[in-house]
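What follows is the residue order along each chain.
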Amino acid sequence: MDEDLITLSVDLAQKLGADYAEAKLHKIKRINCLLRNGIPEPATISDAYGIGMRVICSGSLAFSGTNDLSKENLKVIVEKAVKRAKASSILLKYKIHLSEEKAICANWRAEEKKNIENIGLKDLFDLLREADYQIKNGRAGVDFPNRLLVATTHLEEKIYMNSDGAKIRSRVPRLGFYSFITTLYEGKTATITIPSGYSQLGESGGWEVVDRLKIFQYIQKEADNLALVVKNDQKPPKEIIDVVLGPNVSGIIAHESAGHPEEADRILGREAAQAGESYLKSDDIGLKIGSEEAYVSDDPDIPHSSGYYLYDDEGVTARKRKLIDAGVIYEFLHDRSTAYVFNIPSNGASRSSSYDREPIIRMANTFVEPGDYSLEELLEDIKLGVYIKSFMEWNIDDKRFNQRYVGLEAYMIEKGDIKGMVRNPVLEITTPKLWSSVDARGKEVEFVAGTCGKGDPMQDAPVWTGGPDMRLRAIKIGVR
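Bear in mind the structure is a predicted one, so any value in this text is a computation, not a measurement. (Residues numbered from 1 in each chain as written. Predicted model: local features only at pLDDT ≥ 70, side-chain atom pairs only at ≥ 80, totals over all residues. Heavy atoms only, no water.)

A word on the overall build of the protein
A count of helices and strands for the protein gives 11 helices and 27 strands. Across its three principal directions, the C-alpha atoms of the protein cover 70 × 55 × 35 Å. Looking at the protein as a whole, 56% of its 480 residues are labelled buried. Put simply, of all contacts in the protein between residues at least 6 apart along the chain, 74% involve residues at least 24 apart. Of the roughly 20,200 Å² of accessible surface on the protein, 49% is carried by carbon and sulfur atoms. (Helix = DSSP H or I, 4+ residues; strand = E, 2+ residues; numbered from the N terminus. Buried < 20%, exposed > 50% of the residue type's maximum accessible area, 1.4 Å probe, protein only. Contact = heavy atoms within 4.5 Å. Areas by Shrake-Rupley, 256 points an atom, 1.4 Å probe, with all protein chains shown as cover.)

Have a look at this one:
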């Protein structure tokens, strides 16, 4: 990538009168391989490369992006961006300012032992064929007549520069796997994903990620669980009970009911189609939202994570963010513009998915913090309850206040012991009730990968969601 192009863009914007300018060369190579019932589908290979830039003139911000990287075109793009920002400034009710941040110069890359660029279609299809071999004959009398398995590689490289003096070069490879399985048992069909809940197995890193993920062992275990799930028809109890949520469930809850509502652009009321909405207000830092056992964090700086990054797309150093601390709203997710409004430094949550998308506030790896209980200790004093180990679907309103999670692998709890399975228990609850009901958390945190969608145009961001087993007291469970 030609660093001179972003220098040219930033320098020209300043010469034309921009108070602030930034430019980012952004390259993404992506391969998606699909195997349907053992037969390869056409693979998709994409290679997106271009430059995105933002300028601020008299409090008015303009964004431009292009994949025509000729210097002549870049001059035109910069001139149009500055002209548009200046023309819009007189229309603004509120001017945009950026928080003061240290100008970082860095060159970093995620760990990569086996170069992802050396991996071709044959490698990915061989991986999928081996995974399909593990499950193609079904499990325990349950057939899997339709199996769609997907493996992806994703290589993201950037060079970022701004007029404050920041210059950052980065490289993050990623690998992922997910699948859709149709089960057939006694004439009834169901479509379920592995991993459950439309999540993925995924990490940042090179081809060595395949070994770390243990995909073949994972899909065998989950296929066994699927067979038990579809053969079971035991309904959950109707009375008020205690509920233990598995890491898969606590993770999606952390992402949906703590992460999204704490994005500051939502809270400040940016156009809902772009940012979404939130039940929180700008003065809700310190609001009691849960019990003293409710802890949720978002941390980009977890090695091997899908949401891994060291500096965001505004050149700010990434750090762990405490979203809920002992049941209290502790801090929001910020970019430099929202941080300025709150008169604090940015906590580095700004990302864009491509050269032609503006950076917006995003989560990275959002999770419930671990506690100090073993699973046995979480269960031991529960007379009657349900352990919802994984989920199959979820819904949540745009303000992130009302939500619904449907369990997949779930079990009865009787007198402290896990008993037989229950089918499709439904947790339908408000955000304050959910976090106020937490009274204990397990020691071990597990993560799955996902793709978080936000923005208009839509921007997909790689993330992790996770958490430990988490106990909720006195909950009403429904049935799907």
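Examining the pattern of salt bridges
All told, the structure shown has 40 salt bridges when counted by the stated rule. We note a salt bridge from Lys-454 to Asp-265, for which the minimum N-O separation is 3.0 Å. Pair noted here: Lys-454 is in strand E24 (residues 446-454) and Asp-265 is in helix H7 (residues 264-267), with a separation of 189 residues, a long-range link. On the basis of relative accessible area, Asp-265 is assigned to the buried category, the value being 6%. Residues participating in the shared-partner salt-bridge network are Lys-29, Glu-112, Glu-117, Glu-157 and Arg-171. (Salt bridge = Lys/Arg side-chain N within 4 Å of Asp/Glu carboxyl O.)

Structural notes on the packing of aromatic side chains
Inspection of every chain in the model, using the stated rule, returns nine aromatic pairs. When the centroid spacing of 5.6 Å and the interplanar angle of 75° are considered together, the rings of Phe-367 and Phe-447 count as edge-to-face. Of this pair, Phe-367 sits in strand E16 (residues 365-368) while Phe-447 sits in strand E24, and the two are 80 residues apart along the sequence. By relative accessible area, Phe-367 is classed as buried at 6%. Residue Phe-447 is classed as partly exposed on the basis of its relative accessible area of 28%. An aromatic cluster of three or more residues is present, and its members are Tyr-178, Phe-180 and Tyr-198. If you follow Lys-27 out to its NZ or CZ, it ends over the ring of Tyr-49, 4.8 Å from the centre. (Phe/Tyr/Trp six-rings, centres within 6.5 Å; stacked < 30°, edge-to-face > 60°. Lys NZ or Arg CZ within 6 Å of the ring centre and 35° of its normal.)

Quick word on the sheet that holds strand E27 (residues 478-479)
The strand order E18-E19-E22-E27 describes an open sheet built from four strands, whose pairing is antiparallel. Only two strands of the sheet have a single neighbouring strand rather than two, namely strand E18 (391-396) and E27. Of the pairings in the sheet, the one linking strand E22 (residues 425-430) to E27 comprises two bridges and is antiparallel in character. In the sheet register, Pro-425 faces E27, and the bridge partner there is Val-479. Running at roughly 15° to E18, helix H6 (residues 247-259) makes contact with E18, strand E19 (402-407) and E22 of the sheet. (Pairing = 2+ DSSP bridges. Axes fitted to C-alpha atoms, helices over the stretch in contact; angles between N-to-C directions.)

Concerning the pairing of strand E7 (residues 167-185)
Summarising the sheet, strand E5 (residues 105-109) and E7 pair through five bridges and their orientation is parallel. Bridged to Ala-106 within E7 is Ile-168. Looking at chain direction, strand E6 (residues 143-162) and E7 are connected through 17 bridges and run antiparallel. Among the inter-strand pairings, Glu-156 is bridged to a residue of E7, identified as Val-172. Joining the antiparallel neighbours E6 and E7 is a turn of four residues, in which Gly-165 adopts a positive phi near 110°. Judged from the four bridges that link them, E7 and strand E9 (residues 201-204) form a sheet pairing that is antiparallel. Bridging across to E9, Gly-176 finds its partner in Gly-202. Of the pairings in the sheet, the one linking E7 to strand E8 (residues 188-194) comprises seven bridges and is antiparallel in character. When the sheet's bridge partners are listed, Tyr-185 is paired in E8 with Lys-188.

Some words on the side chain of Asp-299
Looking at the secondary structure, you find Asp-299 in the loop between strand E11 (296-298) and strand E12 (321-325). One buried charged residue, Asp-299, forms no salt bridge at all, with the nearest opposite charge on Lys-320 at 5.3 Å. From its side chain, Asp-299 meets the backbone nitrogen of Asp-301 in a polar contact 2.9 Å long. Not counting residues within four places of it along the chain, the set of residues in contact with Asp-299 comprises Arg-319, Lys-320, Ala-364, Asn-365 and Phe-367. (Lys, Arg positive; Asp, Glu negative; His and termini not counted. Polar contact = N/O pair within 3.5 Å; in protein donor to acceptor, adjacent residues only side chain to side chain.)

Remarks on the sheet that holds E12
Read across the open sheet, the six strands follow the order E13-E12-E11-E16-E25-E24; overall the sheet is mixed. The sheet is open, and its two edges are formed by strand E13 (328-329) and E24, each paired on a single side. In this structure, E12 lies alongside E13, joined through two bridges in antiparallel fashion. Residue Ile-324 lies in a different strand from E13, and its bridge partner there is Ile-329. Contacting E11, E12, E16, E24 and strand E25 (459-467), H6 crosses the sheet at an angle of about 130° to E25.

Some points on the environment of Asp-233
Among the structural elements, Asp-233 can be located in the loop between helix H5 (215-231) and strand E10 (240-245). On the accessibility criterion, Asp-233 (64% relative accessible area) is exposed. Sequence separation between Asp-233 and Met-421 is 188 residues, and the spatial gap between their C-alpha atoms is 8.3 Å.

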